[in-house]
Amino acid sequence: MLVTAAQRLLVVAFLAMLSLAITGCASRAPSVASDADFWSGRLALQVDGRDAQSFSALFELRGDDRRGELVLLSPLGNRLAQLTWTDGHAELVSSEGRRSSSSLDALVEDVAGTPVPIAALFEWLKGRPMAVPGWEADLSASAEGRLTAKRHTPPPAANLRIALTR
């Protein structure tokens, strides 16, 4: 299955925070509990290794690891992709088409080519530490809306930077 760089970014960023989806299709956002579960800003993802890649985008993220939506936008505000998920189903829509899975983690890993700590990402965005083997999150600037998470093991190494605007 051919995976594009934009799809990889969506998954890894979702984590990440992606991480990592950009839309080309309008869809209704899942309802979420409160505005406390909404983040927007800029993200940058760098994945090292044989197929090294780097990507940055604006994003809007709402929900939690059980139910939510991630939209990645170009600097001009154009939707590049959209990732939505609920318990038991995840779907990625982009200009490359539609992909779905019974698991958000599995879809993210499939698109990114590597596992991403989705549940931890939501904790990190809230400024709460959560240990994940192979990952190191720097929350020292979380009060200023900044987060950095680095994956050291297993390969490929990845560096995710997030700057929140809300």
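Predicted model only: the values in this text are computed from it and were never measured. Along every chain, residues carry numbers that run from 1 in the direction the sequence is written. It should be noted that, the model being predicted, local features are given only for residues of pLDDT at least 70 and side-chain atom pairs only at 80 or more, the latter also being counted only at that level, while totals for whole chains, interfaces and linings use all residues. Side-chain figures throughout are based on the complete set of non-hydrogen atoms in the structure, without hydrogens or water.

> It is not clear to me how the overall build of the protein chain should be interpreted in this structure. Could you clarify?
Scanning the protein chain for helices and strands turns up three helices and ten strands. In sequence order, the protein chain lays out its α and β elements as α-β-β-β-β-β-β-β-α-α-β-β-β. Taking all 166 residues of the protein chain together, the buried fraction comes to 48%. All accessible-area figures derive from a Shrake-Rupley calculation using a 1.4 Å probe, and residue coverage is judged against the displayed protein chains alone. When the accessible surface of the protein chain is totalled, it reaches about 8,200 Å², and 49% of it is carbon and sulfur. The secondary structure listing takes helices from DSSP runs of H or I that are at least 4 residues long and strands from runs of E that are at least 2 residues long, numbered from the N terminus. Each residue's exposure class comes from its accessible area (1.4 Å probe, protein chains only) as a fraction of the maximum for that residue type: buried when under 20%, exposed when over 50%, partly exposed otherwise.

> In this structure, what is going on with the environment of Glu123? I would like to understand it.
If you trace the backbone, Glu123 turns up in helix H3 (residues 118-125). Note: C-alpha distance between Glu123 and Asp64 (59 residues apart in sequence) is 9.2 Å. Residue contacts follow a heavy-atom distance rule, with two residues in contact if any of their heavy atoms lie within 4.5 Å. Not counting chain neighbours up to four residues away, the residues in contact with Glu123 comprise Arg128 and Met130.

> How should the pairing of strand E6 (residues 89-94) be read in this particular structure?
A regular strand places its side chains on the two faces of the sheet in alternate fashion. The element E6 is largely enclosed, with a buried count of five among its six residues. With six bridges connecting them, strand E5 (residues 79-86) and E6 associate as antiparallel partners. When the sheet's bridge partners are listed, Trp85 is paired in E6 with Ala90. Whether two strands pair depends on DSSP finding at least two bridges between them. What sits between E5 and E6 in their antiparallel hairpin is a turn of two residues, with Gly88 showing a positive phi close to 85 degrees. Pairing of E6 with strand E7 (residues 97-101), which is carried by five bridges, proceeds in the antiparallel orientation. By the bridge assignment, Leu92 is partnered in E7 with Arg99. Counting the residues that bridge the hairpin from E6 to E7 gives two residues.

> What is the right way to read the layout of surface pockets from this model?
Over the atoms, a rolling probe the size of a water molecule traces out where space has been left empty. Computed over the protein atoms alone on a 1 Å grid, cavities are sets of points where a 1.4 Å probe fits but cannot get out and pockets are open sets with protein on both sides within 12 Å along at least five of seven lines; a residue lines them when it has an atom within 4 Å of a point. Grid points are joined across faces, edges and corners, and a volume is the space filled by probe spheres set on the points. As a volume, the largest pocket reaches approximately 180 Å³. Those elements that provide at least two residues to the lining of the largest pocket are strand E2 (38-47), strand E3 (53-63), strand E9 (146-151) and strand E10 (158-164). Tallied by class, the residues present in the lining of the largest pocket amount to nine nonpolar, three polar and three charged. Under the scheme applied, nonpolar residues are Ala, Val, Leu, Ile, Met, Phe, Trp, Tyr, Cys and Pro; charged residues are Asp, Glu, Lys and Arg; polar residues are all the others, including Gly.

> I would appreciate a short explanation of the pairing of E10 in the present structure.
Most of E10 is tucked away: five of the seven residues are buried. Relative to E10, E2 runs antiparallel, the two being bridged by seven bridges. Its bridge partner being in E10, Ala44 is matched across the sheet by Arg161. In terms of strand pairing, E9 meets E10 through six bridges, oriented antiparallel. The residue bridging Arg151 from the neighbouring strand is Ala158, located in E10. The loop that links E9 with its antiparallel partner E10 comprises six residues.

> Sorry if this is basic, but what is going on with H3 here?
Think of an α-helix as 3.6 residues a turn; residues three or four steps apart then line up on the same face. Most of H3 is tucked away, with six of its eight residues classed as buried. Within H3, burial applies to Ile118, Ala120, Leu121, Phe122, Trp124 and Leu125.

> Whenever I open this one, the sheet that holds E5 confuses me. Can you help?
Pairing between sheet strands relies on hydrogen bonds along the backbone, with the strands arranged either parallel or antiparallel. Taken in spatial order, the nine strands line up as E7-E6-E5-E4-E3-E2-E10-E9-E8 in an open sheet, and their pairing is antiparallel. Two strands close off the open sheet at either side, each with one partner strand: E7 and strand E8 (135-138). For this sheet, the mean angle separating the axes of adjacent strands, direction not counted, is 20 degrees. Axis lines are fitted through C-alpha atoms, for helices just across the contact stretch, and the angle between N-to-C directions can take any value from 0 to 180 degrees.

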